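Chain and residue survey
Chain by chain, the residues:
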Amino acid sequence: MLSPIQVLCSDITTLSLESEPFASYTEADIISTVEFNHTGELLATGDKGGRVVIFQREPESKSEPFSQGEYNVYSTFQSHEPEFDYLKSLEIEEKINKIRWLPQQNAAHFLLSTNDKTIKLWKVSERDKRPEGYNLKDEEGRIKDLSTVTSLQVPVLKPMDLMVEVSPRRVFANAHTYHINSISVNSDYETYMSADDLRINLWHLDITDRSFNIVDIKPVNMEDLTEVITAAEFHPHHCNLFVYSSSKGTLRLCDMREAALCDKHSKLFEEPEDPSTRSFFSEIISSVSDVKFSHSGRYLLTRDYLTAKVWDLNMESKPLETYQ
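Residues numbered from 1 in each chain as written. Predicted model: local features only at pLDDT ≥ 70, side-chain atom pairs only at ≥ 80, totals over all residues. Heavy atoms only, no water.

Rules: UniProt positions are given in the numbering used here, feature names are shortened, and annotations may be inferred rather than shown by experiment.
The name recorded for the protein in an unreviewed UniProt entry is Serine/threonine-protein phosphatase 2A 55 kDa regulatory subunit B, from Ameca splendens. Recorded under Sequence similarities (unreviewed entry), the UniProt text for the protein is reproduced unchanged: "Belongs to the phosphatase 2A regulatory subunit B family."

Right, dumping it as structure tokens:
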């Protein structure tokens, strides 16, 4: 089943890519997802080749006061590789489906990236100093002969060219039967969820070998399947609330305090269909491709094929605003 194209509209003045002419690009270079970090200083893009490119916003200079919106390449790394599932005879492509930044706790940045099956946690850090003056190592890092060590010295940190290091910290795999379409970090900064067509799983960021299934809409008989999950998002402030959208154009707000398995929603947001405008394509174009909470958590923004809609959490019957 093909997932709808996910689109994130971002206010970027300039996105500069110093590279070869466009004619030299291949399909692997096509961007599949983009995501700002919480301050807007960094912008991560994922492509069909499994790469993540991080851009950093340039500081505003006195000579060029309007150059603040320009983003330049900060770091590039290979996040996912193509795999093959021998049990199901299935090729798993490396395309990055979603990227999510974790709130920054220290000097390093952390982000989650996922393809169809595997989620990875990455650490992005800077290094502009290097230690020198080891007692037990020589300049090339080899262990010295202890009999030659006759004095002790205090190691010192010396400046070096800025180097951005990206290292994998966790790999969360083997939890989804269907293709992962979204991931969302919780406001407790300890958990996140991942959603595929029929299930949503809750993960702890420190535990990779198990997750908890919190939504399961798979019917006993797959012939009775009428809709699939298209996106899921945590509330920005309340760690117990999340919303997920469906291919029928509905939104379901769930509360994890009510039950361990959130098959019964707390609220259902659905716009009544006008019978006069119904057509063969109505169900296709009503499928919600992405959903986001506002920063306050009071509103929801959804996107289907033809419109963007703003919903109030206190009004389930219809959206507040619809943008064609």
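On we go.
**Focus: the sheet that holds strand S13 (residues 191-195)**
Picture the strands of a sheet paired through backbone hydrogen bonds; they go either parallel or antiparallel. The condition is simple: For two strands to count as paired, DSSP must find a minimum of two bridges between them. Labels follow the DSSP assignment, with helices taken as runs of H or I lasting at least four residues and strands as runs of E lasting at least two, numbered in each case from the N terminus. Only the stretch in contact is used when fitting a helix axis, every axis being a line fitted to C-alpha atoms; angles between N-to-C directions are given from 0 to 180 degrees.
The strand order across the open sheet formed by four strands is S12-S13-S14-S15, and the pairing between neighbours is antiparallel. Since the sheet does not close on itself, it has two edges, and those belong to strand S12 (182-185) and strand S15 (212-216), each with one partner. Taking each pair of neighbouring strands and ignoring which way they run, the sheet shows an average axis angle of 20°. When S13 meets strand S14 (residues 199-204), the two strands line up antiparallel, connected through five bridges. Opposite Ala195, over in S14, you have Ile200 as the bridge partner.

**So, the sheet that holds strand S8 (residues 98-101)**
Taken together, four strands build an open sheet; the order of strands is S8-S9-S10-S11 and the sheet is antiparallel. Lying at the two open borders of the sheet, with one neighbouring strand each, are S8 and strand S11 (156-172). Each strand of the sheet is rotated relative to its neighbour by a mean of 25°, with strand direction disregarded. Examined bridge by bridge, strand S9 (residues 109-114) and strand S10 (residues 119-132) share six bridges and lie antiparallel to one another.

**So, the side chain of Asp312**
Defined as follows: A 1.4 Å probe rolled over the protein chains alone gives each residue an accessible area, and that area as a share of the maximum for its type sets the label: buried under 20%, exposed over 50%, partly exposed in between. Distance and chemistry together define a polar contact, namely a pair of N or O atoms within 3.5 Å, with one atom able to donate a hydrogen and the other to accept it when in protein, and with adjacent residues in sequence counting only for side-chain atoms on both sides. Any two residues whose heavy atoms approach within 4.5 Å at even a single point are treated as in contact.
Within the secondary structure layout, Asp312 lies in strand S22 (residues 308-312). Asp312 sits in the buried class, given a relative accessible area of 8%. Here Arg298 takes part through its side chain, which lies 2.9 Å from a polar atom of the side chain of Asp312. A polar side-chain atom of Asp312 sits 2.9 Å from the main-chain amide nitrogen of Asn314. Ignoring sequence-local partners within four residues, the contact set of Asp312 consists of Phe269, Arg298, Tyr299 and Leu320.

**A short note on the state of the cysteines**
Test applied: Note on terminology: pairs of cysteine sulfur atoms within 2.5 Å are recorded as disulfides.
Overall, the coordinates contain zero disulfides when judged by the stated rule. Free cysteine Cys254: the closest other cysteine sulfur is in Cys262, separated by 5.3 Å. Note on Cys254: relative accessible area 0%, which makes it buried. Judged by relative accessible area, Cys262 falls into the buried class, the value being 3%.

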